[in-house]
Amino acid sequence: MTYTLPALTWPIEALEPHIDGTTMAIHHDKHHGAYVANLNKALEGSPLADKPLEALLSDLGSVPEGIRAAVRNNGGGHYNHSLFWRILSPVAQAKPTGSLASAIDRDLGGFDNAKAELIKAGLGRFGSGWAWLSLGKEGKLVVSSTPNQDSPLAEGLKPLLGIDVWEHAYYLKYQNRRADYLEAIFKVLDWKAVEALHEEARA
Ligand code: MN
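A quick note: this is a predicted structure, and the numbers were derived from the prediction, not measured. (Residues numbered from 1 in each chain as written. Predicted model: local features only at pLDDT ≥ 70, side-chain atom pairs only at ≥ 80, totals over all residues. Heavy atoms only, no water.)

**Digging into the domain arrangement of the protein**
Turning to step 1, where the next piece is worked out: Looking at the protein, the domain boundaries give domain 1 (21-86) and domain 2 (98-202).
Turning to step 2, where the next piece is worked out: The interface is formed by 19 residues belonging to domain 1 together with 25 residues belonging to domain 2.
Turning to step 3, where the next piece is worked out: Between domain 1 and domain 2, the buried area comes to about 1800 Å², and carbon and sulfur atoms account for 59% of it.
Turning to step 4, where the next piece is worked out: For the pair domain 1 and domain 2, the number of links is two salt bridges.
Turning to step 5, where the next piece is worked out: We note a salt bridge from arginine 86 to glutamate 200, for which the minimum N-O separation is 2.8 Å.
Turning to step 6, where the next piece is worked out: The set of elements that each furnish at least two residues to the side of domain 1 that touches domain 2 consists of helix H1 (21-43), helix H2 (53-58) and helix H3 (65-87).
Turning to step 7, where the next piece is worked out: Looking at which element gives the most residues to the side of domain 1 that touches domain 2, the answer is H3, with ten residues.
Turning to step 8, where the next piece is worked out: Taken together, the residues of the side of domain 1 that touches domain 2 break down into six nonpolar, ten polar and three charged. (Domains from an automatic or database assignment. Contact = heavy atoms within 4.5 Å. Buried area = accessible area lost by both parts, 1.4 Å probe. Salt bridge = Lys/Arg side-chain N within 4 Å of Asp/Glu carboxyl O. Helix = DSSP H or I, 4+ residues; strand = E, 2+ residues; numbered from the N terminus. Nonpolar A, V, L, I, M, F, W, Y, C, P; charged D, E, K, R; others polar.)

**Describing helix H5 (residues 111-124)**
Turning to step 1, where the next piece is worked out: A rise of 1.5 Å per residue sets the reference length of H5, with its 14 residues, at 20 Å; its end C-alpha atoms lie 20 Å apart and thus fit the reference within 8%.
Turning to step 2, where the next piece is worked out: Regarding H5, the residues found buried are Phe111, Ala114, Leu118, Ile119, Ala121 and Gly122. Projected down its long axis, H5 carries its buried residues within an arc of 155°, all on one side. Opposite the buried face of H5, at more than 90 degrees from it, the exposed residues are Asp112, Lys120 and Gly124.
Turning to step 3, where the next piece is worked out: Summarising the contacts, the buried residues of H5 are in contact with helix H4 (98-108), strand E1 (129-135), strand E2 (141-147), strand E3 (158-164), helix H7 (178-185) and helix H8 (191-202). (Expected span 1.5 Å × (residues − 1). Buried < 20%, exposed > 50% of the residue type's maximum accessible area, 1.4 Å probe, protein only. Arc of directions from axis to C-beta.)

**With respect to H3**
Turning to step 1, where the next piece is worked out: Compared with an ideal rise of 1.5 Å per residue, which puts 23 residues at 33 Å, H3 spans 33 Å between its outermost C-alpha atoms and is within 8% of the ideal.
Turning to step 2, where the next piece is worked out: Of all the bends found along H3, the most pronounced is centred on valine 71 and spans about 35°. (Bend = angle between axes of the 7 residues up to and from the residue.)

**Points about the sheet that holds E3**
Turning to step 1, where the next piece is worked out: With respect to topology, three strands assemble into an open sheet ordered E2-E1-E3, the strand pairing being antiparallel. On the outer flanks of this sheet lie E2 and E3, each paired with one strand and no other. On average, adjacent strands in this sheet sit at an angle of 25° to one another, irrespective of strand direction.
Turning to step 2, where the next piece is worked out: Sheet topology note: the E1/E3 ladder contains six bridges and is antiparallel. The residue of E3 that forms the bridge with leucine 135 is lysine 158.
Turning to step 3, where the next piece is worked out: Packing of H4 onto the sheet brings it into contact with E1 and E2, and relative to E2 it is tilted by some 80°.
Turning to step 4, where the next piece is worked out: Sheet strands in contact with H8 are E1, E2 and E3, and its direction is about 150° off that of E3. (Pairing = 2+ DSSP bridges. Axes fitted to C-alpha atoms, helices over the stretch in contact; angles between N-to-C directions.)

**Description of the pattern of salt bridges**
Turning to step 1, where the next piece is worked out: One pass over the structure, following the stated rule, counts seven salt bridges.
Turning to step 2, where the next piece is worked out: Where aspartate 107 meets arginine 106, a salt bridge forms, and the shortest distance between an N and an O atom there is 2.8 Å.
Turning to step 3, where the next piece is worked out: The shortest N-O distance in the salt bridge between glutamate 199 and arginine 202 comes to 3.3 Å. In this pair, glutamate 199 and arginine 202 are both assigned in helix H8, three residues apart and thus about one turn of the helix distant.
Turning to step 4, where the next piece is worked out: Look at glutamate 199 and you get partly exposed, because its relative accessible area is 40%.

Structural data, given as structure tokens:
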């Protein structure tokens, strides 16, 4: 299998003013594009190329040492960014609804608290990485953070919402103001997409 860069479902400048079009173009085409190219290069000629990416990232120990770091970084980069584009939308909803809203109330003390925890996870990540809302093994929602392109899959979690806190995600518009960027992300989150991921993860 050859991995391909997924097309965005909205125009590149659609998230303005929250996320500017130049940042989006570089982020999607160049950064995500490079993860895809490097993942394909790492897996070229390997039998692992036919395994689902989720399976590789969930069990990095099964990946031969010679390509493990490349799969971890570039496979993680491809997986994380594919999820990120899916949960962003110019037609945002302020809050989740339905069973996801109930689960957030139950496991995270309500939406406002979940949002505060996600922002704290993003601000607390030193250097590059991600803030996550995931479904844990016992069906409970968990907020966490990973460094670099590490995936919550490696910890047995099913990621539902990821917020990229690499400087490449925000520096052109927000410079060092990661907190402002994190607030802006909440204005372009597609909670319907997160709800769909929650349903898939529970199935
Ligand atoms: Mn990124």
